[in-house]
Amino acid sequence: MEKRSVFKSTWLPLLFALPQLALIALFFYWPAVAVVNWAFTLEPPFGGAAEFVGLANFYETFADPLYWNSVTVSLIFAIVGPFFAILIGLTLALAVDRQLPGSGFFRVLYILPFAIAGPAAGIAFRFILSPERGLAASLNAIYPDIWNPAKFGSHALALVIIIFIWKWAGYTFIFLLAGLQSVPRSLTEAAAMDGSGPIRRAIDIQVPLLAPTLFFLTVTMMTEGFVGSDTFGIVHHTTGGGPNHATEVMVFRIVQEAFQGLNYSGASAQSIILIGLIMVFTFIQFRFIERRVHYK
């Protein structure tokens, strides 16, 4: 028979939960309240009394063309990066799920990039895809400036997206492989007996049954693309938001505004706008995509 612990007093369980509640209040609720307060005030960077300014910080943010540039860059990054990360993860999962010789080794190999921190991946790819050495240097010798992230903004944005895809494809691979392994083998075996090839079986049977997993990954990956620590780390250690603000995603701009420009009020207003943008995208996904998902 299962034994259950019963607390005879009310203060004892609260005492056990107090450290966790204190951490949540200190590192989540207090900063959230402070950000909302700073967004509507003019916060002095070196201390002092704050002045209430209403929506002035939001007006100033919306009037800044560089802010709208960061919104555009973030949208491109948060859509293109997760899309290809999920697509590559799905392709790898389908290949490993066939249990071909050596699939166990590749299963571990595909997951390894996810264990690497975003800043470390950014520094590594900064050398791997450097225009002055390696394959990129050979291509530039034949076609000058065919690849130069330090000079062309589109190349720099492609570079940070490639790093994001390389790192997070392994994350999507884990979930998609687990989802594929839950698909009844009898379905794919019956389709194979009817003459369907691996691609046809994947399109008609396996991918539709992965709809809940794909929806979950779409929501989480887009959120990661907008506000993930890896997003900031990759951009910060690879391009620094350049050249000419071409890779300045919203989360990077917020950190720069707060800790380099000491504009705490403006950064707080941008944080609230970013949270609102994520909520809008999440609502759209649940309103128009989740309803098409069929759960087993």
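Before reading further, recall that the structure is shown in the block above.
An account of the accompanying structure is given in this report.

Basis of the calculations
- Think of each chain on its own: its residues are numbered from 1, step by step along the sequence as written.
- Where totals are concerned, whole chains, interfaces and linings use all residues; where local detail is concerned, this predicted model gives features only for residues with pLDDT of at least 70, and gives and counts side-chain atom pairs only at 80 or more.
- Neither water nor hydrogens contribute to the side-chain values; these are computed over all heavy atoms in the structure.
- Burial status follows relative accessibility: with a 1.4 Å probe on protein chains alone, a residue under 20% of its type maximum counts as buried, one over 50% as exposed, and anything between as partly exposed.
- Under the scheme used here, helices are H or I runs from DSSP no shorter than 4 residues and strands are E runs no shorter than 2 residues, and both carry numbers assigned from the N terminus.
- Summarising the geometry, the arc corresponds to the directions from the helix axis toward the C-beta atoms.
- The contact criterion used throughout is that any non-hydrogen atoms of two residues lie within 4.5 Å.
- Each patch is built from residues that are more than 30% exposed by relative accessible area and take part in no salt bridge. Like charges join if they lie within 9 Å; nonpolar side chains (Val, Leu, Ile, Met, Phe, Trp, Tyr) join within 5 Å.
- Methods summary: accessible areas were calculated by the Shrake-Rupley approach with a probe of 1.4 Å, and residue burial reflects only the protein chains presented.
- By convention in these notes, a salt bridge is any Lys or Arg side-chain nitrogen within 4 Å of a carboxyl oxygen on Asp or Glu.
- The axes are straight lines fitted to the C-alpha atoms, using for helices just the contacting stretch, and the angles between their N-to-C directions are given from 0 to 180°.
- Should an angle fall under 35 degrees it is called roughly parallel, over 145 degrees roughly antiparallel, and 65 to 115 degrees roughly perpendicular, with every other angle called oblique.
- A clockwise turn of the near helix away from the far one marks a right-handed crossing, whereas an anticlockwise turn of less than a right angle marks a left-handed crossing.
- Throughout, the ten residues Ala, Val, Leu, Ile, Met, Phe, Trp, Tyr, Cys and Pro are labelled nonpolar, Asp, Glu, Lys and Arg are labelled charged, and all others, Gly among them, are labelled polar.

1. Considerations on helix H5 (residues 118-128)
Residues of H5 that are buried: Gly118, Ala121, Gly122 and Phe125. Down the axis of H5, the buried set is contained in an arc of 100°. They therefore lie on one face. Where H5 is buried, its residues meet helix H7 (153-181) and helix H11 (229-238).

2. Details of a nonpolar patch on the surface
Side chains of Phe105, Phe106, Val108, Leu109 and Leu112 sit close together on the surface and give an oily, nonpolar patch of about 480 Å² of accessible area. Its location among the elements puts Phe106 in helix H4 (residues 103-111).

3. Things to note about the packing of helix H12 (residues 250-260) against helix H13 (residues 264-289)
Angle between the axes and distance between the axes: these two values describe a pair of packed helices. Two elements in contact, H12 and H13, have axes whose closest approach is 8 Å; the angle formed by their N-to-C orientations is 160°. It follows that H12 is roughly antiparallel to H13 by the angle criterion. The interaxial crossing formed by H12 with H13 has left-handed handedness. Seen from H12, the contacting residues are Met250, Val251, Arg253, Ile254, Glu257 and Ala258; seen from H13, they are Tyr264, Ala267, Gln270, Ser271, Leu274 and Leu277. Its residues assigned to classes, the contact of H12 with H13 shows eight nonpolar, two polar and two charged.

4. Comments concerning unusual backbone geometry
Each neighbour pair has its own omega, and for Gly242 with Pro243 the value is -5°, a cis peptide bond. Summarising the element assignment, Pro243 is placed in the loop between H11 and H12. Residue Asn244 is not a glycine yet carries a positive backbone phi of 55°. Tracing the sequence through the fold places Asn244 in the loop between H11 and H12.

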